[in-house]
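Chain by chain, the residues run as shown.
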Amino acid sequence: MASDVQPRRRRFVITARAAASFDPLGRSVAAARAFVRDTLQGWGFADIVDDAVVLTSELVTNAVVHAGTRAEVLCLRAEDGVRVEVADRYPERELPLRHPDERPYADPDRESGRGLMLCAALATRWGVEYTATHKHVWFRLDLPDRPVGTRSAGPVVPDQLLPLADSRVRVAVLQIDAADCISAWNEDAEHVFGYSADKVLGRPLAELAAWPQTPGTGTGIAEALRLSRWEGSYGIRGADGRVIPVYASHLRVRDAHGEPSIVCLLVHDDERALLQTPVRVATSDAGLTEPRPADPFEVFIGSPAPDDLDGLLQRTVERARDMLDADAAFLLLATDDETELEVRATTGLPSTRQRFARVPVEAGTNRYGSARMPAVHDDLAAVPGAVPLLEATGMRSVITVPLKVEGRLTGSLGVATENPGRYSNAEALRLQFAADRIALAVESARLGELERLRRGSLSFLVEASDLLAGTLDRDQTLALMAQMTVPTLATWCAVYTIADQSSDPFLSYVLHEDEERIDGLKALLSRVSPPEPVREAGARPWPETALAVGGETVVLPLLARNRVIGLLTLGKPSEEHFRQEILELAEDLSRRAALALDNARLYSERTAISRSLQRSLLPPGSPAIPGMEVEVIYRAAGEGNEVGGDFYDVFPIRDGAYGFAIGDVCGTGPEAAAVTGLARHALRLLAREGLGGPAVLERLNAAILDEGARSRFLTLLYGELHPQPDGSALMKVVCAGHPLPLRLRPNGEVVPAAEPQPLLGVIDDLDLYEQTLTLDPGDVLLCVTDGVTERREGTRMLGDDGLTEVLTTCTGLTAGAVASRVLRAVERFAAEPASDDMAILAFRVPQQREGD
């Protein structure tokens, strides 16, 4: 009999809206799914999120993939449901009608059009609307009716099987502000972690959180704090330095002013049942749709399944524990060669302490002998070492089953209880059935993680190489090595350097992710003998440091040019282990860092040698000349150069006579500096032999030409200075191709003080002559190299006229003030640094003061 009761149509009153547009690209479909999922979860509509995401995915696929147009998604919230509209710019007029004897809305075998079929199957109401430029497909999903006050419920279980918790249950409540800093810290948080509120308020959560840092994998803390809702496990560093495993539930909220913050609820990880959201079991209205066949994987894991490897593995061990009423469960993944198993997830055990630990597969003491076949151990006390992971945990009865894909061992799943003789072959078959259901999904997720890790590792190494190649400073290279490993690869790092093969390793740099612990770690390592330098590449354990510092410690040699130049030491706290992938990444980094460190060493050594040789070419100092002021300013062009092609010298010849020279060798750099040394030392030697100026320069010319292919031409101003009893100074000068010296008189007049003659190093026979002048009190003699007169700014050049103009402003100044003013004028003439060597030599005869 047909019912006369008509279903009551719910009134749809819009209370919120969210909209987004997506370009016609394949990746837009995933972005649209994420947009709808985040929006509905933020509105608290978790019950209908999955259906809404499925429908949106199909409709956006139709728009951006099949129709090739931009898609616009609009979400409208009401008190009892949501309406989602997907619009595209392909207003095809064919309305998808359906009659009993005609074809359905779409062909199930075709990809396009499935969205309409799904709307008909899943949506409460749906429809298609057209405008001149748009086509809108909309669907509405109503929230399921629930009894007031009931969100979800679990089965009744005996008291002895309930999850364990402390007699005084403590839930730490934190609030994180928009800057990711802690703004609230309750009393339970103080008790659980040991910090009083005043010690943590205002600190970033990242300073306390021990978050997984593997490159390219997992959600980071910054990403987790941006999600509207997040649940999962991580660690909090307590006041005593230990990492406390916690299970957390994060909810993003906003205050009355619209400012966002995150409320975090945290409990001990073994009390996760207090916060963990139960898996929603999909329901359907009877009589409206056909029940979907149960997927064995979803029956075991629950729907939706975690989309990351760690989440999937953790869910697996929890379901295995619950399925067999166990006290603990664990899952290990096999290495590529199937010779070892790596601990990846546990529950009911000290999971963080065992994470990433490895055990061999083959049988034997402390080897995982039952990995390839299902096994039941009635009592581990009778077979010690059969399951190394469970040693000293109190577990007695154990089942282990393999995870296999196409006959290849990919992992092992186990459950354990403290009671001996608890399990039989029947329970082993149940666990093996579950393992068979999840093996393919786990392997697929593992391969995805390896690919992300590979990409993240490549990105990490590229960035590391760029940073290391950007410096040749030894100390900066050491700091970069440590900063790249902490916290990405390790909790702390120490770098030892080896000066030579007969020296012991020296502790050169220490870094800890907690800056307050660096000094203490450095003190501990200083009391421990350094690791033995071993040439074999790869990481090796360092148990001596592990005993002193605690945790797992490994040492990698820094090998460069066939010798060990240092050691890279990495450490983790006692509750963590290094993954093999991380050790391989650290080994690759150590090779690059070693070469960068050795390059920095070689550069430092060569720079020190170069500077030492260059300093030997400079005059030891200018002598004090009675009755004369002498000032010298010297600038060598080029980074790291102290001596170039320009040179100067002032030296005593004999009593009452002094020699001086200022010259310019063709070119700059070490080759020019070599000729500089030859010229300066030859001038001193020849002048002290009693030769006059022309003879000194002629012999120097011959010495330069004797250099053959290494010879370079040289401009030189050489002179002798003889202070006179009347306070004047007699000068004899020879100007061989050099800029002429300028004489400044007290009245401001500037005149050349010599005549030009041929330069040196070009021809054999020179006919040079000496010119004599007398400097009266108040006179200044200025000698410069062409780095001063040829200073350029574009097409402009300072030149002789510009230098003369500057010198006319120097009347009454001391020799030092004259040289300084000339230097300032040269520097201000152009914005770019000087590209040529520069020397300024100023002499001044002081005027007699009244009464002298």
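Above: the structure in question.
So, here is what we can say about the structure in this document. Keep in mind that what you see is a predicted model, and the values were worked out from it rather than measured. (Residues numbered from 1 in each chain as written. Predicted model: local features only at pLDDT ≥ 70, side-chain atom pairs only at ≥ 80, totals over all residues. Heavy atoms only, no water.)

Examining the overall build of the protein
In step 1: The number of helices and strands found in the protein is 20 helices and 34 strands.
In step 2: Taken across its 852 residues, the protein has 46% of its residues classed as buried. (Helix = DSSP H or I, 4+ residues; strand = E, 2+ residues; numbered from the N terminus. Buried < 20%, exposed > 50% of the residue type's maximum accessible area, 1.4 Å probe, protein only.)

Topic: the packing of helix α19 (residues 799–807) against helix α20 (residues 815–829)
Each pair of packed helices can be summarised by the angle the axes make with each other and by the distance between the axes.
In step 1: Look at α19 against α20: their axes get within 10 Å of each other, and the N-to-C directions meet at 135°. Relative to α20, α19 is oriented oblique. In this structure, α19 meets α20 at a crossing whose hand is right-handed. For the pair α19 and α20, contact is made by Leu-803, Val-806 and Leu-807 and by Val-818, Arg-821, Val-822 and Ala-825, respectively. (Axes fitted to C-alpha atoms, helices over the stretch in contact; angles between N-to-C directions. Parallel < 35°, antiparallel > 145°, perpendicular 65-115°, else oblique. Left-handed = near helix turned anticlockwise from the far one by under 90°. Contact = heavy atoms within 4.5 Å.)

Let's talk about the nonpolar core
Nonpolar side chains tend toward joint burial in soluble globular proteins.
In step 1: Counting 44 residues, the largest nonpolar core has Met-481, Leu-525, Leu-558, Leu-568 and Leu-570 as the members making the most contacts within it.
In step 2: Looking at this core, the elements that each hand over two or more residues are α11 (425–469), α12 (474–485), β18 (492–497), β19 (506–512), α13 (518–526), β21 (552–560), β22 (563–572) and α15 (580–617).
In step 3: Ignoring any residue separated from it by four or fewer positions in sequence, one finds Leu-568 in contact with Met-481, Thr-485, Cys-493, Ala-494, Val-495, Val-554, Val-555, Leu-556, Leu-558 and Ser-590.
In step 4: Ala-16, Val-49, Ala-52 and Val-82 belong to the second-largest nonpolar core, a separate cluster that totals 31 residues. (Core = buried A, V, L, I, M, F, W, Y, C linked by side-chain atoms within 4.5 Å.)

Overview of helix α1 (residues 28–42)
In step 1: Its 15 residues place the ends of α1 21 Å apart at the C-alpha level, agreeing with the 21 Å of an ideal helix rising 1.5 Å per residue.
In step 2: Along α1, the positions that sit buried rather than exposed are Ser-28, Val-29, Ala-32, Phe-35, Val-36, Thr-39 and Leu-40. Considered in projection along α1, the buried side chains sweep an arc of 120° and stay on one side of the axis.
In step 3: Against the buried residues of α1 lie β1 (16–22), α2 (49–66), β2 (71–78) and β3 (81–88).
In step 4: Gly-44 occupies a position one or two residues after α1 and carries a positive phi of about 85°. (Expected span 1.5 Å × (residues − 1). Arc of directions from axis to C-beta.)

Remarks on the environment of Ser-21
In step 1: With respect to the secondary-structure elements, Ser-21 resides in strand β1.
In step 2: Taking C-alpha positions, Ser-21 is 9.8 Å from Ala-31, a pair spaced 10 residues apart along the chain.
In step 3: Excluding residues that lie within four positions of it along the chain, Ser-21 makes contacts with Arg-70, Ala-71 and Glu-72.

Here we look at the pairing of strand β12 (residues 328–334)
In step 1: Most of β12 is tucked away: 7 of the 7 residues are buried.
In step 2: A two-sided burial pattern is seen for β12, the buried positions comprising Ala-328, Phe-330, Leu-332 and Ala-334 on one face and Ala-329, Leu-331 and Leu-333 on the other.
In step 3: Sheet topology note: the β12/strand β17 (residues 408–417) ladder contains 6 bridges and is antiparallel. Paired with Phe-330 across the bridge in β17 is Gly-414. (Pairing = 2+ DSSP bridges.)

Remarks on unusual backbone geometry
In step 1: Cis rather than trans, the peptide bond between Val-486 and Pro-487 has omega equal to 0°.
In step 2: Of note in this structure, Asp-325 is not a glycine but carries a positive phi near 50°.

Let's talk about the sheet that holds strand β26 (residues 714–723)
What holds strands together in a sheet is hydrogen bonding between their backbones, with the strands either parallel or antiparallel.
In step 1: Read across the sheet, 5 strands follow the order β24-β25-β26-β27-β30 without closing on themselves; strand pairing throughout is antiparallel. The open sheet has two edge strands, β24 (646–654) and β30 (771–775), and neither has a second partner. On average, each strand axis in the sheet is tilted by 20° relative to the strand beside it, whichever way the strands run.
In step 2: By the bridge criterion, 8 bridges tie β26 to strand β27 (residues 729–736) in an arrangement that is antiparallel. Along β27, the bridge assignment pairs Leu-717 with Cys-735.
In step 3: Where helix α17 (residues 693–705) meets the sheet, it contacts β26 and β27, and its direction lies at approximately 150° from that of β26.

Re the pattern of salt bridges
In step 1: Counted by the stated rule, this structure contains 35 salt bridges.
In step 2: A salt bridge links Arg-70 to Asp-23, with the shortest nitrogen-to-oxygen separation between them at 2.3 Å. Of the two residues, Arg-70 is situated in the loop between α2 and β2 and Asp-23 in the loop between β1 and α1; the sequence distance between them amounts to 47 residues.
In step 3: The exposure class assigned to Arg-70 is partly exposed, which follows from its relative accessible area of 34%.
In step 4: In this structure, the salt-bridge partner of Arg-684 is Asp-649, at a minimum N-O distance of 2.7 Å. Within this pair, whereas Arg-684 is found in helix α16 (residues 670–688), its partner Asp-649 is found in strand β24, the two being separated by 35 residues in sequence.
In step 5: Residues joined by salt bridges that share partners form a network here, namely Asp-310, Arg-344, Glu-449, Arg-579 and Glu-581. (Salt bridge = Lys/Arg side-chain N within 4 Å of Asp/Glu carboxyl O.)

Focus on a negative patch on the surface
In step 1: A cluster of acidic side chains, namely Glu-698, Asp-764, Asp-765 and Asp-767, defines a negative patch on the protein surface.
In step 2: Note on placement: Asp-765 falls in the loop between β29 (750–752) and β30.
In step 3: Classification of Asp-765 as exposed rests on a relative accessible area of 71%. (Patch = residues over 30% accessible without salt bridge, like charges linked within 9 Å, V, L, I, M, F, W, Y side chains within 5 Å. Areas by Shrake-Rupley, 256 points an atom, 1.4 Å probe, with all protein chains shown as cover. Lys, Arg positive; Asp, Glu negative; His and termini not counted. Charge placed at Lys NZ, Arg CZ, Asp CG, Glu CD.)

A word on the sheet that holds β17
In step 1: Read across the sheet, 6 strands follow the order β14-β13-β12-β17-β16-β15 without closing on themselves; strand pairing throughout is antiparallel. At either margin of the open sheet sits one strand with a lone partner, and together these are β14 (358–360) and β15 (375–377). Shown here is a sheet whose adjacent strand axes are inclined to one another by a mean of 25°, direction ignored.
In step 2: Strand direction decides the pairing type here: β15 and strand β16 (residues 397–405), joined by 3 bridges, are antiparallel. Each residue of the ladder has a partner; that of Val-376, found in β16, is Ile-399.
In step 3: Strands β12, β13 (340–347) and β17 of the sheet are contacted by helix α9 (residues 309–323), whose axis makes an angle of about 70° with β13.
In step 4: Those strands touched by α11 are β12, β13, β15, β16 and β17, and its axis lies near 45° from that of β16.

Focus: the packing of aromatic side chains
In step 1: Throughout the structure, instances matching the rule amount to 8 aromatic pairs.
In step 2: Ring plane angle 40° and centroid distance 6.0 Å describe the contact between Trp-230 and Tyr-234, whose orientation is recorded as tilted.
In step 3: Residue Tyr-234 is classed as buried on the basis of its relative accessible area, which comes to 6%.
In step 4: Between the aromatic rings of Tyr-496 and Trp-542, the centroid separation amounts to 6.1 Å while the plane-to-plane angle is 80°, which identifies the pairing as edge-to-face. On the criterion of sequence distance, the pair formed by Tyr-496 in strand β18 and Trp-542 in the loop between β20 (540–541) and α14 (543–549) is long-range, its members being 46 residues apart. For the residue pair Tyr-496 and Trp-542, the accessibility class agrees, reading buried in each case. (Phe/Tyr/Trp six-rings, centres within 6.5 Å; stacked < 30°, edge-to-face > 60°.)

As for the packing of α9 against α11
In step 1: Contact geometry for α9 and α11: axes closest at 9 Å, N-to-C directions at 170°. The pairing of α9 with α11 is recorded here as roughly antiparallel in orientation. Residues Leu-309, Asp-310, Leu-312, Leu-313, Thr-316, Ala-320 and Met-323 of α9 pack against Arg-430, Leu-431, Ala-434, Ile-438, Ala-441, Val-442, Ala-445, Arg-446 and Glu-449 of α11.
In step 2: Broken down by class, the residue content of the contact of α9 with α11 amounts to 11 nonpolar, 1 polar and 4 charged. (Nonpolar A, V, L, I, M, F, W, Y, C, P; charged D, E, K, R; others polar.)

Notes on the side chain of Ser-57
In step 1: Within the secondary structure, Ser-57 sits in helix α2.
In step 2: Setting aside residues no more than four positions away along its own chain, Ser-57 makes contact with Val-29 and Arg-33.

A word on the environment of Pro-756
In step 1: Positionally, Pro-756 belongs in the loop between β29 and β30.
In step 2: The sequence separation of Pro-756 and Gly-737 amounts to 19 residues, and the corresponding C-alpha distance is 5.9 Å.
In step 3: Beyond its immediate stretch of four places on either side in the chain, Pro-756 contacts Cys-735, Leu-740 and Tyr-769.

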